[in-house]
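# Examination of the molecular architecture
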Amino acid sequence: MWHDRNRRRRGHALITKELGEKIPPLYANDGAENPDEVKAVVKLFSIISHWTWYITEWDANSGVCFGLVDGFESELGYFDLTELSEVVVAGTVPVVERDLHWDPTPLGEIRAAIAAI
């Protein structure tokens, strides 16, 4: 399984073993009847910017994820969990955190909330 090298510095893992087992594998939601009903199982966010990543699928070995990325634009796409986990400021402070209180939420609800901001 994917390994978070900054877990200790962050104080929590971006993806725990238990959480990783709840995230569908890549391409599991291809052809979903209603893409807005696909759930984002994990929410990650940057502590220094407004960027947020909502994980709907992943490859447990490589850490490649698919989901909604809310940054300059809000769009579905692939992102690399390893890259996100290794971004630091001041030499040691991890920039990306996991929302520890997140409940899996349908993408349609997330998009509506983003649009309302």
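Refer to the preceding data block for the structure.
Residues numbered from 1 in each chain as written. Predicted model: local features only at pLDDT ≥ 70, side-chain atom pairs only at ≥ 80, totals over all residues. Heavy atoms only, no water.

### What to know about the sheet that holds strand E4 (residues 64–70)
Just so we agree on the cut-off: What makes two strands pair is DSSP finding at least two bridges between them. Helix and strand definitions follow DSSP, with helices as H or I runs of at least four residues and strands as E runs of at least two, each counted in order from the N terminus. Comment: axis = line fitted to C-alpha atoms, over the contacting stretch for helices; angle = value between 0 and 180 degrees taken between N-to-C directions.
Strand order in the open sheet formed by 5 strands is E5-E4-E3-E2-E8, with antiparallel pairing between adjacent strands. Of all the strands in the sheet, just strand E5 (74–80) and strand E8 (96–98) have a single pairing partner and so form its edges. Neighbouring strand axes in the sheet, compared pairwise and without regard to direction, differ in orientation by 35° on average. Direction of pairing for E4 relative to E5: antiparallel, over a ladder of 7 bridges. Across the sheet, leucine 68 pairs through a bridge with leucine 76, a residue of E5.

### Considerations on helix H4 (residues 107–116)
For the record, the criterion: Accessible area is worked out with a 1.4 Å probe on protein chains only. A residue is then buried under 20% of its type maximum, exposed over 50%, and partly exposed in between. For this quantity, the arc is that covered by the directions from the helix axis to the C-beta atoms. By definition in these notes, contact holds between two residues if any of their heavy atoms fall within 4.5 Å.
Every buried residue of H4 is accounted for by Leu107, Ile110 and Ile114. Axial view of H4: buried residues confined to an arc of 60°, hence all on one face. Counted as exposed and oriented over 90 degrees from the buried face of H4: Glu109, Ala115 and Ala116. Packed against the buried residues of H4 are strand E1 (39–40), strand E3 (52–58), E4, E5 and strand E9 (105–106).

### Examining unusual backbone geometry
A positive phi angle is found at tyrosine 27, which is not glycine, with a value near 75°. Here tyrosine 27 is to be found in the loop between helix H2 (17–22) and E1. We note that alanine 90 has phi near 55°; this positive angle belongs to a residue other than glycine.

These figures come from the coordinates and say nothing about function on their own.
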